[in-house]
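One letter stands for each residue in the lines below.
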Amino acid sequence: MLKNLVIVESPAKARTIEGFLGKDFLVKSSFGHVRDLSKKALGVDIEKGFLPLYEISSDKKKVVTDLRKLSKDAETVWLATDEDREGEAISWHLAETLDLEEKKIRRIVFHEITKNAILSAIEHPRSIDRNLVMAQQARRVLDRLVGFELSPLLWKKVKPALSAGRVQSVAVRLIVEREEEIRQFKAQSAFKVTADFQVDTPDGPVVVEAELSRKFDNKEEARQFLEACREAKYRVASIETKPAKKSPAPPFTTSTLQQEASRKLGFSVSKTMLVAQQLYESGKITYMRTDSVNLSNLALGMAKEEITGTYGANYVKTRKYTTRSKGAQEAHEAIRPTYMNQAQIEGDVSQQRLYDLIWKRTIASQMADALLEKTTVTIDISNSTEKFIARGEVIRFDGFLKVYKESTDDEDSEEKEDLLPPMQQGQEMHTDDIKATQRFTVIPFRYTEASLVKKLEELGIGRPSTYAPTISTIQKREYVLKGDKEGFKRDYVILSLKKNQLKESVKTEKVGYEKAKLIPTDIGILVNRFLMQFFENIVDYNFTASVEEEFDKIADGKRVWHEVIRDFYHPFHQQIENTQTGTTKFTGEKLLGVDPESGRNVFVKIGKYGPMVQLGDTESEDKPRFARLGKEFTIETIRLDQALELFKLPKVIGDFENEDVTIGVGRFGPYIRHKGIFYSLPKTDDPHSILLARAVEIIAEKREANEKKVIKEFAEDTGIRVLNGRYGPYIQSGKNNYKIPRNVKPELLSLDDCRKIIAEAGETKNNSSRRFIRKKS
DNA sequence: CAGTGAGCGAGCTTCCGCTTGACTT
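Below is a short write-up of the structure.

Rules and cut-offs
Residues numbered from 1 in each chain as written. Chains lettered and ligands numbered in written order. Predicted model: local features only at pLDDT ≥ 70, side-chain atom pairs only at ≥ 80, totals over all residues. Heavy atoms only, no water. Helix = DSSP H or I, 4+ residues; strand = E, 2+ residues; numbered from the N terminus. Buried < 20%, exposed > 50% of the residue type's maximum accessible area, 1.4 Å probe, protein only. Contact = heavy atoms within 4.5 Å. Areas by Shrake-Rupley, 256 points an atom, 1.4 Å probe, with all protein chains shown as cover. Lys, Arg positive; Asp, Glu negative; His and termini not counted. Charge placed at Lys NZ, Arg CZ, Asp CG, Glu CD. Polar contact = N/O pair within 3.5 Å; in protein donor to acceptor, adjacent residues only side chain to side chain. Salt bridge = Lys/Arg side-chain N within 4 Å of Asp/Glu carboxyl O. Axes fitted to C-alpha atoms, helices over the stretch in contact; angles between N-to-C directions. Parallel < 35°, antiparallel > 145°, perpendicular 65-115°, else oblique. Left-handed = near helix turned anticlockwise from the far one by under 90°. Pairing = 2+ DSSP bridges. Phe/Tyr/Trp six-rings, centres within 6.5 Å; stacked < 30°, edge-to-face > 60°. Expected span 1.5 Å × (residues − 1). Bend = angle between axes of the 7 residues up to and from the residue. Nonpolar A, V, L, I, M, F, W, Y, C, P; charged D, E, K, R; others polar.

Here's the deal with the overall build of chain A
Along the backbone of chain A there are 20 helices and 30 strands. Considered along the principal axes of its C-alpha atoms, chain A spans approximately 100 × 85 × 65 Å. The buried share of chain A, taken over its 777 residues, is 46%. Of the contacts made within chain A by residues no fewer than 6 positions apart, 69% connect residues no fewer than 24 positions apart. When the accessible surface of chain A is split by element, carbon and sulfur atoms take 49% of a total near 42,000 Å². With 127 positive and 118 negative side-chain charges, chain A shows a spacing of 3 Å between the two charge centroids.

Side note on the side chain of D369
Counting through the fold element by element, D369 comes out in the loop between α11 (349-365) and β12 (370-381). Looking at D369, its side chain comes within polar contact range of the side chain of S247, at 2.9 Å. Within the structure, the side chain of D369 is placed 2.7 Å from the side chain of R319, a separation counted as a polar contact. Beyond its immediate chain neighbours, meaning those up to four positions away, D369 contacts K245, K246, S247, P248, K317, R319, F397, G399 and F400.

A look at the side chain of D433
Checked against the element boundaries, D433 lands in strand β14 (residues 428-440). No salt bridge forms around the buried D433; measuring N to O, its nearest opposite-charge neighbour K498 is 4.3 Å away. Beyond its immediate sequence surroundings of up to four residues, D433 is in contact with T194, A195, D196, L497 and K498.

A look at the packing of helix α5 (residues 130-157) against helix α16 (residues 543-555)
Axis separation between α5 and α16 bottoms out at 7 Å; the angle between their running directions is 150 degrees. Between α5 and α16, the angle falls in the class roughly antiparallel. Both α5 and α16 take part in a crossing whose hand is right-handed. Along its contact with α5, which presents N131, L132, M134, A135, A138, R139 and L142, the element α16 presents F543, V547, F551, I554 and A555.

Considerations on the sheet that holds strand β21 (residues 610-615)
Taking strand neighbours across the sheet as the criterion, the four strands line up as β19-β20-β21-β22 in an open arrangement whose pairing is antiparallel. This sheet does not close on itself; its edge strands, each paired only once, are β19 (590-594) and β22 (625-628). Adjacent strand axes in the sheet meet at a mean angle of 25 degrees, parallel and antiparallel pairs treated alike.

Concerning the packing of aromatic side chains
Per the stated rule, a full pass over the model turns up 19 aromatic pairs. Arranged with centres 5.1 Å apart and planes meeting at 70 degrees, the rings of Y671 and F678 form a pair that is edge-to-face. According to the relative accessible area criterion, F678 is partly exposed, its value standing at 47%. Three or more aromatic residues link up through ring pairs in this structure, and these residues are F530, F534, F535, F543, F568, F572 and F586.

Focus: helix α17 (residues 561-582)
Taking 1.5 Å per residue as the helical rise, α17 with its 22 residues ought to reach 32 Å, and the 31 Å between its terminal C-alpha atoms agrees with that figure. Maximum bend of α17: about 25 degrees, positioned at Y569, with proline P571 one to four residues after it. Buried within α17 we find W561, V564, I565, F568, Y569, F572, Q575, I576 and T579. Packed against the buried residues of α17 are β5 (51-52), α5, α14 (522-534), α15 (536-539) and α16.

Observations concerning the pattern of salt bridges
A side chain of one charge can pair with a side chain of the opposite charge when the charged atoms of the two come close. Summed over all chains, the structure comprises 56 salt bridges. Across the pair K482 and E449 runs a salt bridge whose closest N-O atoms are separated by 3.2 Å. Note that K482 is positioned in strand β15 (residues 480-485) and E449 in helix α12 (residues 449-458), a separation of 33 residues in sequence. You can call E449 buried: its relative accessible area is 10%. Through salt bridges with shared partners, a single ionic network connects E550, K553, R559, R566 and D567.

Observations concerning the pairing of β19
Both β19 and strand β20 (residues 601-607) contribute to a ladder of four bridges, which runs antiparallel. Paired with G593 across the strands is V602, a residue of β20. What sits between the antiparallel neighbours β19 and β20 is a turn of six residues, in which G599 has the positive phi angle 75 degrees.

Comments concerning the sheet that holds strand β7 (residues 76-79)
The four strands are arranged β2-β1-β7-β8 in an open sheet whose pairing can be described as parallel. With one partner strand each, in any of the chains shown, β2 (25-29) and β8 (105-107) form the two edges of the open sheet. For this sheet the average axis-to-axis angle between neighbouring strands, irrespective of direction, equals 25 degrees. In this fold helix α2 (residues 61-73) packs onto β1 (4-8), β2 and β7, with an angle of close to 160 degrees to the strand it touches most, β2.

Digging into the packing of helix α6 (residues 168-184) against helix α13 (residues 467-476)
The contact between α6 and α13 brings their axes to 10 Å, and the two run at 70 degrees. On the basis of the axis angle, α6 is roughly perpendicular to α13. Here α6 runs over α13; the crossing is right-handed. Contacts between α6 and α13 involve Q168, A171, V172 and I175 on the former and, on the latter, T470, T473 and I474. Here the residues of the contact of α6 with α13 are counted per class, giving four nonpolar, three polar and no charged.

Comments concerning the environment of N297
By secondary structure assignment, the location of N297 is in helix α10 (residues 297-311). Between the C-alpha atom of N297 and that of R353, which follows or precedes it by 56 residues, the distance is 26 Å. The contacts of N297, once residues within four sequence positions are left out, are E112 and K320.

Put into structure tokens, the structure is as follows:
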């Protein structure tokens with residue numbers, strides 16, 4: 001008879017804990033939630049007080065069967081899921097689906113995976129917190145109601161297969177509004193004046209750069225100032241030295257790890273999570289989905305020891321951080337190395353780089369402040385009330401800076417400040433190089449994946465486990481795309497006074513260039529406009545925060561969950577009904593102009609298949625013509641002449657083997673059609689200008705590739721073939737594909753050989769431990 | 001993949017949050 005069954009959420013955690021507990025305890029994992037609302041329909045019975053219709057998730061059937069069997073045998077079942085709303089709910093769902101008797105159940109919680117924490121948890125069991133579970137149920141039901149009533153409305157009014165939700169729609173809104181800000185942005189310019197002063201020191205002359213205390217609004221004022229400088233004398237008015245300090249950033253949470261890995265390593269959010277998962281599973285770091293900056297006492301001790309040993313005791317400063325972020329639930333520790341004395345690990349390059357970042361950040365967080373000395377020198381100008389200011393900075397004690405410096409999103413803020421040479425109050429200063437440079441206000445940055453996560457976290461929207469999936473969803477729906485923006489060239493003026501010569505010159509700078517930023521598409525912009533017009537309350541930046549307040553009341557036993565849902569749902573559903581019946585299709589139609597040839601109107605809008613141009617009115621007697629917008633155009637920016645060009649396709653460009661060769665643009669991009677067969681056009685060929693000879697070439701290439709594709713066929717069994725694919729030769733059997741062993745020549749395979757390979761592959765399938773990453777579709 | 005766009009109507013799409021698994025070559 002099994003004495004104790006412990007159930008946690010993650011299998012890696014189960015392995016670790018089992019080591020702490022000894023032989024009377026079997027530790028298993030639930031792999032997260034085991035039940036969810038039915039996917040078939042709404043999954044909520046509104047008539048019956050919003051009764052949730054739960055089903056065991058299809059991928060958890062086996063988990064539940066196994067746990068059910070073990071729990072029947074067990075004397076005591078310890079539900080050790082995370083101590084947050086979702087974790088409490090997982091325990092409750094487990095108790096329900098496993099049919100556990102009340103007296104068998106012990107609910108335990110711990111925030112850190114250390115032996116002491118776990119043994120102490122075992123000594124302090126409690127029962128499942130029903131209020132907290134109902135708060136989770138309210139959260140779940142609300143998200144389902146919003147998502148499954150709004151999305152179908154979009155299918156009807158905008159375009160099929162779209163989606164909307166409490167989290168993703170706000171993410172899209174942020175990106176759309178940032179783009180609008182950029183569009184509206186008008187750069188202001190001002191003239192910044194700097195002077196290079198020469199200061200003599202025992203080691204020779206040193207240049208000190210100083211900036212004028214004010215900027216000039218226009219060139220004339222700047223010029224007047226420089227003119228005056230010809231006659232001016234300069235003198236040090238004051239020297240002020242002040243101590244300053246810098247403190248390290250707190251240890252990583254999911255969100256800050258994603259931000260730093262993006263800035264310092266160029267990782268996408270999903271890449272960061274993938275690599276972190278690998279580090280976690282191999283026991284190198286603690287759990288990677290967390291909103292907590294807390295470190296266990298064990299970790300604090302290890303950090304102290306490591307810092308003392310490597311840098312000395314004066315570099316140690318033990319710090320306890322507290323979380324400020326909205327809605328944080330703090331079920332885990334911060335993300336940190338499992339063993340602080342491991343500065344390096346084995347692993348691939350990505351793992352090593354991410355680990356290095358985590359190690360440094362964690363260690364730095366437990367190190368002393370950096371002590372600085374900041375010096376400000378004010379220089380008087382004899383014929384002006386303005387002052388020149390020179391600033392210098394010296395690091396007196398590097399402290400945590402020895403290990404780690406946090407980076408910022410603001411690329412312009414990296415001002416370098418160095419040591420200033422010794423100067424005296426009243427000292428005369430000399431300069432023969434003063435410049436007034438035109439500087440522009442900085443255009444707002446588009447979001448990166450990571451800076452979007454940061455913003456969402458600030459708003460309390462989404463959770464550590466959903467940041468990466470949310471970003472992938474809004475890209476999959478084609479609301480936003482990740483891309484580069486070219487930027488533009490801009491002239492700026494420099495006035496310079498060198499050796500009393502006043503000169504004006506114009507230079508060019510490139511601005512607004514951005515790489516791997518989130519840019520809204522036409523569809524994203526249109527869906528956002530729809531939601532803003534009819535469901536402003538749902539995409540409100542405070543919507544999540546205000547429903548979270550209600551969920552907290554449920555958790556505190558001050559409100560009943562279905563009453564909270566009722567109060568939300570009825571007005572919301574009325575909004576859905578009103579929009580359903582009260583509005584026509586929402587296409588974002590825009591009249592571009594008139595086609596000079598036919599005299600018909602040209603429109604751009606979103607159709608069933610995405611952005612398109614339309615020639616002729618919808619109500620006109622002649623059926624209007626349609627053409628899809630390629631990737632190179634958007635509804636916002638396309639011009640009439642570009643739109644008219646699109647109607648020139650499909651067109652016949654000539655004759656090959658006595659049949660027409662047609663060029664068109666379809667769902668999957670530009671194509672050539674010949675004898676009813678489609679050939680995709682490479683990106684390098686322009687469908688509007690391609691010539692027959694090139695088209696024939698592409699057809700020939702494709703035919704050749706097709707011929708090469710089949711290496712072997714068998715008359716006895718047409719279901720099995722040896723083919724040449726993107727990744728080399730393979731065996732196809734029905735719908736399944738099989739790898740050919742390295743030492744086998746594919747063209748020599750017999751039918752029996754193939755069958756053998758297929759049979760063997762079937763066997764190894766179950767005990768294979770290889771990991772594959774799901775390809776993004 | 002399949003190269004559409006009216007309207008009909010079938011049947012499909014969809015949420016957020018917790019986990020890892022899967023298959024491919």
